[in-house]
Amino acid sequence: MSPRVGRVERTTKETSVLVEINLDGTGKVDVATGVGFYDHMLDQLGRHGLFDLTVKTEGDLHIDTHHTIEDTALALGAAFKQALGDKVGIYRFGNCTVPLDESLAQVTVDLSGRPYLVHTEPENMAPMIGTYDTTMTRHIFESFVAQAQIALHIHVPYGRNAHHIVECQFKALARALRYASEHDPRAAGILPSTKGAL
């Protein structure tokens, strides 16, 4: 079986982004966006998903981090969709619950071909983690879902530390995507849909 890889280059007046992902990798990650905490989160995504992931982004950080974060998430979603290919033989659904000290994230995904996001996290989080605006977390997932064309439900029922609240979401997402995208040995050659299309 050939590796399932995606490669997307996205260039605008605001950013230049390169994303490469191998869904059948070992968690080898090379990420540089210029936003330290975001790099840390993308590293979690690759390592815990066992995706080989390369992300190189140059953005208008002299304005703020918004365009850099958003465009990277869009390119990541597009690359993930490309890597999934025809989705024949995959599990399709995946879920994972991950604690990080006092915080807990519950993530469920459906590689459905239909983009939809449900996202809840504790209110009154610290507004910044380094140069990372914590209101961007939801927007990252919105952007990723739009391009990956998946249904994604993320729920953080409790947490206190903003770093922990965000990080456990990325770790749980990584595992849920890994489980959903893996091949089911009992479903070789079968598309997991009664509609005949995903």
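For the structure itself, consult the block above.
Residues numbered from 1 in each chain as written. Predicted model: local features only at pLDDT ≥ 70, side-chain atom pairs only at ≥ 80, totals over all residues. Heavy atoms only, no water.

## Thoughts on the sheet that holds strand β10 (residues 151-158)
Selection criterion: By definition, two strands form a pair when at least two bridges between them are found by DSSP. Only DSSP runs of H or I with at least four residues qualify as helices, and only runs of E with at least two residues qualify as strands; both kinds are numbered from the N terminus onward. Every angle, taken between N-to-C directions, lies between 0 and 180 degrees, and every axis is a line fitted to C-alpha atoms, over only the stretch in contact when it is a helix. In this analysis, two residues are considered to be in contact whenever any of their non-hydrogen atoms come within 4.5 Å of each other.
Taken together, the 4 strands give an open sheet; going across it, the order is β5-β6-β10-β7, and neighbouring strands pair in mixed fashion. Strands with a single pairing partner mark the edges of an open sheet, and in this sheet they are β5 (93-100) and β7 (116-120). Sheet twist, expressed as the mean angle between neighbouring strand axes with direction ignored, is 10°. The strands that helix α4 (residues 162-181) touches are β5, β6 (103-110), β7 and β10; relative to β5, the one it contacts most, it runs at about 150°.

## With respect to empty space enclosed by the protein
So the rule is basically this: Within this scheme a cavity is a closed region of a 1 Å grid, computed over the protein atoms alone, that accommodates a 1.4 Å probe without allowing it to escape, whereas a pocket is open but has protein on both sides within 12 Å along at least five of seven lines; lining residues each have an atom within 4 Å of a point. Grid points are joined across faces, edges and corners, and a volume is the space filled by probe spheres set on the points. Gly is put with the polar residues, along with every residue not named as nonpolar or charged; the nonpolar set is Ala, Val, Leu, Ile, Met, Phe, Trp, Tyr, Cys and Pro, and the charged set is Asp, Glu, Lys and Arg.
Tallied over the entire structure, the rule returns 1 cavity of 30 Å³ or more. For the largest cavity, the calculated volume is near 60 Å³. Residue lining of the largest cavity: Tyr-38, Leu-42, Leu-45, Ala-73, Leu-76, Ile-140, Phe-141, Phe-144, Phe-170 and Leu-173, and that is the complete set. For the lining of the largest cavity, the secondary-structure elements that each account for two or more residues are α1 (36-49), α2 (66-84), α3 (136-148) and α4. A breakdown of the residues in the lining of the largest cavity according to their chemical character gives 10 nonpolar, no polar and no charged.

## What to know about the pairing of strand β2 (residues 15-22)
Counted only if it meets this: Only protein chains enter the accessibility calculation, which uses a 1.4 Å probe; a residue whose area is less than 20% of its type maximum is buried, one above 50% is exposed, and one in between is partly exposed.
Burial of β2 is extensive: 6 of the 8 residues sit out of reach of the surface. Bridge count for β2 against strand β4 (residues 52-59) is 8 bridges, and the pairing is antiparallel. Paired with Val-19 across the two strands is Val-55, which belongs to β4.

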